[in-house]
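Reading the structure
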Amino acid sequence: MNTLQKLKQEIVARSLQAFREGLFSGTSGNMSCCLREEGRMLITPTSVRYDVMRAEDIVVMRLDGTILEGRLQPSSEWRMHAAIYEKKPGVSAVFHTHSPYATAFAVNRQTIPAVLIEAFAFLGGDIRCADYATPGTREVGLNALPALEGRMGCTLANHGVLAVGKDLQQAYLNAEYVEDVARIYSLARAVGTPVPLEKL
Ligand code: 13P
């Protein structure tokens, strides 16, 4: 099996896992990886249920929007993914979730403090909220850049979560930790006054 086919299968498998774990809901959320040397990205199609998504549904495209492979339309957030790849050279996988605890903070446009060591070890610190931008526009990605400075994840105002990594495995783990920190912080607030960490 060639690299492209393996990556398509990995995106499908991780998307289904994300749906089952509650990181994705409905058909929302999207995942991509970038083959930088070739200037191509592989991305989930828009509005396809994760329990029926197949490897052949994954769209291969250039960062300028040119479709190279796939019979479906790419995620409506492909411009956000492309903007991140263009502006963050160390990133080769992008994962956008609607995980509920973290998205609740995104709706409040609140930073999630670094209350767990994983916030530093995996994410780089607290989880900032990027300024609102109209879904589907390049601005969603551009507005996330300051929030991602020195970080591997952030939230997007009234929208969801953005996690990045050097590969799909790392981006996935970072998205899990964004949700974990948000959930623990919410629970801690319900029973007392959480103490944020200043460093690891
Ligand atoms: P699609 O990737 O299905 O277009 O989902 C959009 C989305 O998650 C907007 O937040």
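Above: the structure in question.
All of these numbers come straight from a predicted model, not from anything done at the bench.

Attention now moves to the overall build of the protein. Assigned secondary structure in the protein consists of six helices and eight strands. Counting from the amino terminus, helix and strand elements in the protein follow one another as α-β-β-β-β-α-β-α-α-β-α-β-β-α. At 16 Å, the protein has a C-alpha radius of gyration in line with the 16 Å of a compact globule built from 200 residues. A buried classification covers 49% of the 200 residues belonging to the protein. Considering only intrachain contacts with a sequence separation of at least 6, the fraction spanning at least 24 residues in the protein is 63%. By element, 50% of the accessible surface of the protein is carried by carbon and sulfur atoms, the whole surface being about 9200 Å². Where the 21 positive side-chain charges of the protein centre and where its 21 negative ones centre are 1 Å apart.

We now examine helix 6 (residues 168–191). Compared with the 34 Å implied by 1.5 Å per residue over 24 residues, the 35 Å span of helix 6 between its first and last C-alpha is a close match. Inspection of helix 6 places Leu168, Ala171, Tyr172, Asn174, Ala175, Tyr177, Val178, Glu179, Val181, Ala182 and Tyr185 among the buried residues, and these make up the whole buried set.

With that out of the way, let us pick up the pattern of salt bridges. The full count for this structure, using the stated rule, is nine salt bridges. Across the pair glutamate 38 and arginine 40 runs a salt bridge whose closest N-O atoms are separated by 2.3 Å. Taking the relative accessible area as the measure of exposure, glutamate 38 reaches 40% and is therefore partly exposed. Its relative accessible area of 22% is what places arginine 40 among the partly exposed residues. Among the ionic pairs, arginine 138 bridges to glutamate 86, the shortest N-O distance being 2.9 Å. One end of the pair, arginine 138, is in helix 5 (residues 138–148); the other, glutamate 86, is in helix 2 (residues 78–87), and 52 residues separate them in sequence. The exposure class assigned to arginine 138 is partly exposed, which follows from its relative accessible area of 28%. For glutamate 86, a relative accessible area of 39% puts it in the partly exposed group.

What follows covers the pairing of strand 8 (residues 160–165). In terms of burial, strand 8 is a largely internal element, six of the six residues being buried. Note that strand 5 (residues 93–97) and strand 8 share five bridges and pair antiparallel. Opposite alanine 93, over in strand 8, you have glycine 165 as the bridge partner. Pairing analysis gives four bridges linking strand 7 (residues 153–156) to strand 8, with the strands arranged antiparallel. Across the sheet, residue leucine 156 finds its bridge partner in strand 8, namely glycine 160. Between strand 7 and strand 8, which follow one another and run antiparallel, lie three residues, and asparagine 158 among them has a positive phi close to 55°.

In the region of the ligand, the neighbouring residues are Thr27, Ser28, Gly29, Asn30, Thr46, Ser47, Ser75, Ser76, Glu77, His96, His98 and His159. In this structure, an oxygen atom belonging to the ligand sits 2.8 Å away from a main-chain N or O atom of serine 47. Here histidine 98 contributes a side-chain N or O atom positioned 2.9 Å from an oxygen atom of the ligand. Burial of the ligand by the protein amounts to 89% of the accessible area it has alone, namely 310 Å².

Turning to the sheet that holds strand 1 (residues 30–35), a few remarks are in order. An order of 4-3-2-1-5-8-7-6 is seen for the eight strands of this open sheet, with the pairing classed as mixed. Two strands lie at the open edges of the sheet, namely strand 4 (67–69) and strand 6 (129–130), each paired on one side alone. Contacting strand 1, strand 5, strand 7 and strand 8, helix 6 crosses the sheet at an angle of about 140° to strand 8.

Definitions and cut-offs
Residues numbered from 1 in each chain as written. Predicted model: local features only at pLDDT ≥ 70, side-chain atom pairs only at ≥ 80, totals over all residues. Heavy atoms only, no water. Helix = DSSP H or I, 4+ residues; strand = E, 2+ residues; numbered from the N terminus. Rg over C-alpha atoms; globule rule 2.2 N^0.38 Å. Buried < 20%, exposed > 50% of the residue type's maximum accessible area, 1.4 Å probe, protein only. Contact = heavy atoms within 4.5 Å. Areas by Shrake-Rupley, 256 points an atom, 1.4 Å probe, with all protein chains shown as cover. Lys, Arg positive; Asp, Glu negative; His and termini not counted. Charge placed at Lys NZ, Arg CZ, Asp CG, Glu CD. Expected span 1.5 Å × (residues − 1). Salt bridge = Lys/Arg side-chain N within 4 Å of Asp/Glu carboxyl O. Pairing = 2+ DSSP bridges. Near = heavy atom within 4 Å. Polar contact = N/O pair within 3.5 Å; in protein donor to acceptor, adjacent residues only side chain to side chain. Axes fitted to C-alpha atoms, helices over the stretch in contact; angles between N-to-C directions.

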